[in-house]
Structures are given as structure tokens and as C-alpha cells.
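Reading the structure
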Amino acid sequence: MPVSPILERQTTYPFVRLNEAARRIEERGIEVIDFGTGDPQEPTDPLIREALVAGLRERMGYPAAAGLPELREAIAAWAARRFDVVLDPDTEVIPTLGSKEAIFSFAQVVVDIERGKDTVAYTEPGYPVYERGALFAHARALALPLLEENDFLPDLGAIDEWTWNRLAVLWVNYPNNPTGATATLDFYERVAELARRHGFVLASDEAYTELWFDEPPASALQVGDLTNVAVFNTLSKRSSMTGYRSGFVAGDPELVSALRAFRPTVGTAPQEFVQRASIVAWGDEVHVERARETYRRKRQLFLDFFARKQVRVTGSQATMYMWLAIPRGENSESSEAFAERLLEHGVLVTPGSYLGAAGEGYVRLALVPSEDDCRRAIEILEDVL
């Protein structure tokens, strides 16, 4: 049977490997506390759930790719409140089925191999979908390492002129998964200027902008001139709505127009009742602050614990993740070996190497279990670390 060679070359998706490892431990009768996958366990706010149910009708037709006008308006209104930017809901916003599918398919919209725009750059360690989307679009995938000495920002000065001119897309993700690092508006402005100069798209994955602890992070939407800028956001983490699959792309009207032309082909608009729930979610900040406070408390538990154990927490200014440097000593472990040792005791974390070569030496801890489970995990780790 013919199968795409690109698919055949793919390694097992990292979080599938994590789930398989956890299942093997559970089969031995060990309870696993899962800090591996970033799937929020906080309840979705009742107002959002009520809007979902109220949006059901006796018959639901196909959702339009452009999304409900009311949803686009709600997204634009949220962006105005949050980032003090003005977006035209008709030309600069398009709803998406979460952000994963939109991120994966974006290279198919903008890569132009015949014209020499054949390269997609992405930061790593990071979300594997940037690279996989590039490969399935037959583009050259270029990893930009995020190093601690650079505050987990890509070294833009290391990119040569030839590469700049072949770029179709440069993916950035701040606040960053997995490092929890943030980026300044100056950084976005610099990359946006490079995008205009060299004719590539600055694609900014901002799924974690609402999970912060001290200062609200900046957005690429704030650069002013949105030419060649596309911002991706989602309700998955902000509103604990991973199963709803609702997000958006906003930015350059030409890019949004291209997405409007592309997306009916792949049929990936959220169901109308999900869009109705999303309107409520984007319009409310009370539940978001409540979620931030919950993550803040869980984070502080681990900050105190790791400080006592002299485990170095790096990055981690925002998101639901903590990025931990593996303790170094005479018998230093790989990130995978360190994670396996924790899992033997029932605490699942993500080896940094699962998220890219530059992630070696670190593990990611997702603050998704309950506060009680976080305390139980700390009791377990007292004897392990």
C-alpha cells in the first residue's frame, strides 16, 4: 500500500511515547501523576459550557470557514482590550479549529518552492508541529536552537543572508513552550521588520499569552505594521478548552484572505455551537484570572521545593510549564534517563530531548495536576531528588 515517505520518516509523536511509558508503569501497579502533557485539568467555566449547550439546534449545518461574524468581533474586541490594538474582524481575523491544525497547515498556504521561498524556520526545543507541517508541505525545515545563555530567544544574527531570502515562514512561540520564556515587543518588532525586508511571514504562536505570573506578555499584534505577520492563538490553555478546538489567526489582511481561500478546502471551521461558547470565553476575564491564580499557587509549591533541593528552574516566567535543568554531578543523566528515574516513582515529566536536540539537559513539568496531586508529587520527589 502506498504511504507518504514523509509520514514513514516521522518518529513517534513525543506525547504518544510519554503516554506509552506511563501505561507501562501503571501496569506494574504504580499510580502515575502526569506532569507530561499540557492538557489543563481545571474545569471549563460554567458560562462557557452553558453557551455551548444553548448553541445546539435541532439541525446544525456546515460551519462557514470564515466563522461567525459575532466570533470574529469578540476576538477583535478581546485583542483591543488585551493588547490595545485595532483589528478589522472582517479582514484581519479568521477562527480556527484550535491552533494545532492551523499551525500544521500554514506552510501549505505560504511556501512557494518554485519561487525559492522553500524554507520554514522554527525554534527548538518546541512544539513538533511547526517542523512536521513544513515537511508535509515539502519545505526545508530549519531548527533555530533556544539556548539559556540567549534567554531562550533565537540567535537571529546567526542566520545568513541566503537563508533569510529563502524563508517562507519563521515560527516563534512566546510565552514559550517548553521553556516558559517570554519575548519583548522589541523582539517582535525586529523580526517583523526582517519579515518585511526579506519577504517571509512572521508566524507567532501565542497560545500561552494569558498564562503569566508577574507581567502580561507582549504580542506580535502590537508591532503596528502587520504586513507579513500572522498571530495564532487559542482558547485551549487560556480557558481550559482543549477539547473544544477553538482558536484564531489574526494579522496581515492578505494572509487572512489567503486562509479564507484555503480553509474551505480542508473543512476545519469550529462547529457553530463551539463558536457560540467561544464568544462567551473571549468576552470574560474572570475565569482566566482564576486559572492564573491556580497555576500561580502550584508553581510556587514547586519553586519552593526545587529551591530547597537545589534544582535549577530556568525560563519559566509564564505558561503552565516549568523548565528544569537536570542536576549536574559526577553521574550526570540524560534528560530521558532523569525523566525515567522520576517515572519509576510515579511522577511523569517530559524529557527536553523529546522536544528537540537543544532541549537536552532539561525536563519540562506541566502544572496540570491538582494542587493536592502536586503536593503528593513533591512528597514523592523528596526521596528521589
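Anyway, here's the lowdown on the structure attached to this text. Just so you know, these numbers come straight off a predicted model, no measurement behind them. (Residues numbered from 1 in each chain as written. Predicted model: local features only at pLDDT ≥ 70, side-chain atom pairs only at ≥ 80, totals over all residues. Heavy atoms only, no water.)

What to know about the sheet that holds strand S3 (residues 119-124)
Condition: At least two bridges found by DSSP between two strands is the condition for calling them paired. Comment: elements are numbered from the N terminus, with helices defined as DSSP H or I runs of at least four residues and strands as E runs of at least two. To define axes, lines are fitted to C-alpha atoms, for helices over the stretch in contact only, and angles between the resulting N-to-C directions are given on a 0 to 180 degree scale. Contacts are assigned to residue pairs that have any heavy atoms within 4.5 Å of one another.
Strand order in the open sheet formed by seven strands is S2-S8-S7-S6-S5-S3-S4, and the pairing between neighbours is mixed. Each end of this open sheet is capped by a strand with a single partner; those strands are strand S2 (93-96) and strand S4 (140-145). If you compare each strand with its neighbour and ignore which way they point, the axes differ by 20° on average. Along the sheet, helix H5 (residues 100-110) makes contact with S2, S3, strand S5 (167-173), strand S6 (201-205), strand S7 (229-234) and strand S8 (247-251), crossing S5 at roughly 160°.

Some points on unusual backbone geometry
The bulk of non-glycine residues show a negative phi, and the bulk of peptide bonds are trans. In this model, Glu124 is joined to Pro125 through a cis peptide bond whose omega is 10°. Secondary-structure assignment places Pro125 in the loop between S3 and helix H6 (129-136). Of note, the bond from Asn177 into Pro178 is cis; its omega dihedral lies within 30 degrees of zero at 25°. Residue position: Pro178 is located in the loop between S5 and helix H8 (185-198).

Side note on the pattern of salt bridges
For clarity, the cut-off: Salt bridges are defined as contacts in which a side-chain nitrogen from Lys or Arg sits within 4 Å of a carboxyl oxygen from Asp or Glu. Type-normalised accessible area, obtained with a 1.4 Å probe on protein chains alone, sets the label of each residue: buried when under 20%, exposed when over 50%, and partly exposed for intermediate values.
Across all of its chains, the model carries 26 salt bridges by this definition. Note that Glu31 is salt-bridged to Arg376, the shortest N-O span being 3.0 Å. Of this pair, Glu31 sits in the loop between helix H2 (14-26) and strand S1 (33-34) while Arg376 sits in helix H14 (residues 371-382), placing them 345 residues apart in sequence. Under the relative-accessibility criterion, Arg376 is labelled partly exposed at 32%. Among the salt bridges present, the one from Lys309 reaches Glu382, with a minimum N-O distance of 3.5 Å. Placement of Lys309 in helix H12 (residues 286-309) and of Glu382 in helix H14 is noted, with a sequence separation of 73 residues between them. Classification of Glu382 by relative accessible area gives partly exposed; the value is 27%.

Here we look at the environment of Glu293
Following the sequence through the fold, Glu293 ends up in helix H12. You can call Glu293 partly exposed: its relative accessible area is 29%. Put simply, Glu293 and Glu114 are 179 residues apart on the chain and 50 Å apart in space, counted from C-alpha to C-alpha.

Some words on the side chain of Glu272
Assignment of secondary structure puts Glu272 in helix H11 (residues 272-282). With residues up to four places along the chain from it excluded, the contact list for Glu272 reads Arg57, Met60, Pro63 and Leu68.

Details of the nonpolar core
Definition in use: Put simply, a nonpolar core is a bunch of buried Ala, Val, Leu, Ile, Met, Phe, Trp, Tyr and Cys residues held in one set by side-chain atoms that sit within 4.5 Å of each other.
Ranked by size, the top nonpolar core spans 53 residues in total, and within it Leu87, Leu170 and Tyr188 carry the most contacts. At the level of secondary structure, the elements contributing two or more residues to this core comprise helix H3 (46-54), helix H4 (69-83), S5, H8, S7, S8, H11 and strand S10 (321-325). The element best represented in this core is H4, accounting for seven residues. Setting aside chain neighbours within four positions, we find Leu170 in contact with Ala121, Leu144, Leu156, Trp164, Phe200, Val201, Leu202 and Ala203.

Quick word on the pairing of S6
What counts is decided by this rule: Call a crossover right-handed when, viewed with both strands pointing away from you, the route from the first strand across the helix to the second goes clockwise.
Most of S6 is tucked away, with five of its five residues classed as buried. Residue alternation in S6 divides its side chains into two sets, Val201, Ala203 and Asp205 and Leu202 and Ser204, and both sets are buried. Assessed by its sense of winding, the connection that carries the chain from S5 through H8 to S6 is right-handed. Note: S6 against S7, four bridges, orientation parallel. Residue pairing for S7: Leu202 is matched across the bridge by Val229.

Some thoughts on the sheet that holds strand S12 (residues 350-351)
Pairing is antiparallel in the open sheet, where four strands are placed in the order S9-S10-S13-S12. Taken across any chain shown, the strands that pair with only one partner, and hence form the sheet edges, are strand S9 (313-314) and S12. Pairing of S10 with strand S13 (residues 362-366) involves five bridges; the strand directions are antiparallel. The partner of Trp323 across the bridge, within S13, is Arg364. Strand contacts of H12: S9, S10 and S13, with the helix running at about 10° to S10, the strand carrying the most contacts.

Notes on the pairing of S10
Among the five residues that make up S10, five are buried, leaving the element largely enclosed by the rest of the structure. Bridging between S9 and S10 involves two bridges; their strand directions are antiparallel. Within S10, the position partnered with Val313 by the bridge is Leu324. If you look at the hairpin formed by S9 and S10, you'll find six residues sitting between the two strands, and Gly315 has a positive phi there, around 50°.

What to know about the packing of H5 against H6
Cut-off, in case you're wondering: Relative orientations are named as follows: roughly parallel for angles under 35 degrees, roughly antiparallel for angles over 145 degrees, roughly perpendicular for angles from 65 to 115 degrees, and oblique for any other angle. For any pair of crossing helices, the crossing counts as left-handed if the nearer helix is rotated counterclockwise from the farther one by less than a right angle, and right-handed if it is rotated clockwise.
Remark: H5 packs on H6, axes separated minimally by 6 Å, with the N-to-C direction vectors making an angle of 40°. The orientation of H5 with respect to H6, classified from their angle, is oblique. In terms of crossing hand, the pair formed by H5 and H6 is right-handed. Contact with H5, carried on its side by Lys100, Ile103, Phe104 and Ala107, involves Val129, Tyr130, Arg132, Gly133, Ala134 and Phe136 of H6 and no other residues of that element.

A short note on helix H13 (residues 335-343)
Basically, it comes down to this: Working definition: the arc comes from the directions between the helix axis and the C-beta atoms, pointing outward to the latter.
Every buried residue belonging to H13 is among Ser335, Phe338, Ala339, Leu342 and Leu343, and all of these are buried. Projected down its long axis, H13 shows its buried positions confined to an angular sector of 140°, all on one face. Those residues of H13 that are buried lie in contact with H2, strand S11 (347-348), S12, S13 and H14.

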